[in-house]
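# Close look at the chain arrangement
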Amino acid sequence: MVRLALVLALAAAAACGTTTDDRPRTIQYVSQAILAPNCGDAQCHSTFRQAKGDVFDNVVATRRSLIRNGLILFDSPQYDPDDPANSALIQWITQTDPLGLGIGRMPYDHPIPNEDVSFLEEYIREGAPGAQCDPDLNPDGTACNNHSVYKCTADWTFGDQIEVCAGECIGGKCQQ
């Protein structure tokens, strides 16, 4: 009987990593199901507190925090969809004080579950849909990605490529 229980326990443990995460990889889901409950509480990154300028308790503010505050920089050597662990967002939620600022790992009171960290890595790997453009930063509906200017779609993801920049792309415009 003990042997059967052990075999069943090992089989269950082996099956744990084989399921597909079919949660929607959207800014709405990231904001409402992962960041708001883990990071957007009243004393941290809420609309009320806005610690370090980041707000994660609603979709619009989450998009702004990810884009404006550099947690996902689409036109930066730090942004590599093939290496999402290098993004500032993943570093802050998995490492202790990744920038040496004496701030610590986020969130302070509890780690984000590993399943949610993996989900966020996949979300970044897929290009962070819905968090690629910021309507306030880019009122003309353009944004930068990999030294190119893109038109933003209605759901604030990259649409058609408009221009390849010879130099840097800043604020949806090529710079010389």
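Before reading on, note that the structure itself is shown above.
For the structure given in this document, a descriptive report is provided here. (Residues numbered from 1 in each chain as written. Predicted model: local features only at pLDDT ≥ 70, side-chain atom pairs only at ≥ 80, totals over all residues. Heavy atoms only, no water.)

## Description of the state of the cysteines
Under the convention used in this document: Two cysteine sulfur atoms make up a disulfide if the distance between them is within 2.5 Å. Secondary structure elements are defined from DSSP: runs of H or I of at least 4 residues count as helices, runs of E of at least 2 residues count as strands, and each element is numbered from the N terminus. When accessible area is computed with a 1.4 Å probe and restricted to protein chains, residues below 20% of their type maximum are described as buried, those above 50% as exposed, and intermediate ones as partly exposed.
Scanning the entire structure with this criterion turns up 3 disulfides. Between the sulfur of Cys144 and that of Cys169 lies a disulfide, 2.0 Å long from S to S. On the sign convention where negative is left-handed, the bridge of Cys144 and Cys169, at about -80 degrees about the S-S bond, is left-handed. With a gap of 25 residues between them, Cys144 in strand S1 (residues 142-145) and Cys169 in strand S4 (residues 169-170) connect regions that are remote in the sequence. The pair formed by Cys144 and Cys169 is uniform in burial state, with each residue classed as buried. What pairs with Cys165 in a disulfide is Cys174, and their sulfur atoms sit 2.0 Å apart. Here the S-S torsion is close to -80 degrees, and the disulfide linking Cys165 with Cys174 is therefore left-handed. We classify Cys165 as buried; its relative accessible area is 8%. Assigning the bonded cysteines of the protein chain consecutive numbers by sequence position, one obtains the connectivity 1-3, 2-5, 4-6. With no disulfide partner, Cys39 has as its closest neighbouring cysteine sulfur the one in Cys44, 8.0 Å distant. Relative accessible area serves as the criterion here: at 7%, Cys39 is assigned to the buried category.

## A few points about the layout of surface pockets
We apply this condition: Cavities and pockets are found on a 1 Å grid laid over the protein atoms alone: a cavity is a set of points where a 1.4 Å probe fits but cannot escape, a pocket is an open set with protein on both sides within 12 Å along at least five of seven lines, and a lining residue has an atom within 4 Å of such a point. Grid points are joined across faces, edges and corners, and a volume is the space filled by probe spheres set on the points. Basically, the charged four are Asp, Glu, Lys and Arg, the nonpolar ten are Ala, Val, Leu, Ile, Met, Phe, Trp, Tyr, Cys and Pro, and anything else, Gly included, counts as polar.
Within this model, the largest pocket holds a volume of roughly 460 Å³. As for the largest pocket, its lining consists of 22 residues, and the residues nearest its centre are His45, Lys52, Asp54, Trp92 and Met106. Among the secondary structure elements, those contributing two or more residues to the lining of the largest pocket are helix H2 (27-39) and helix H4 (88-94). Here the lining of the largest pocket is built from residues that sort into 15 nonpolar, 4 polar and 3 charged.

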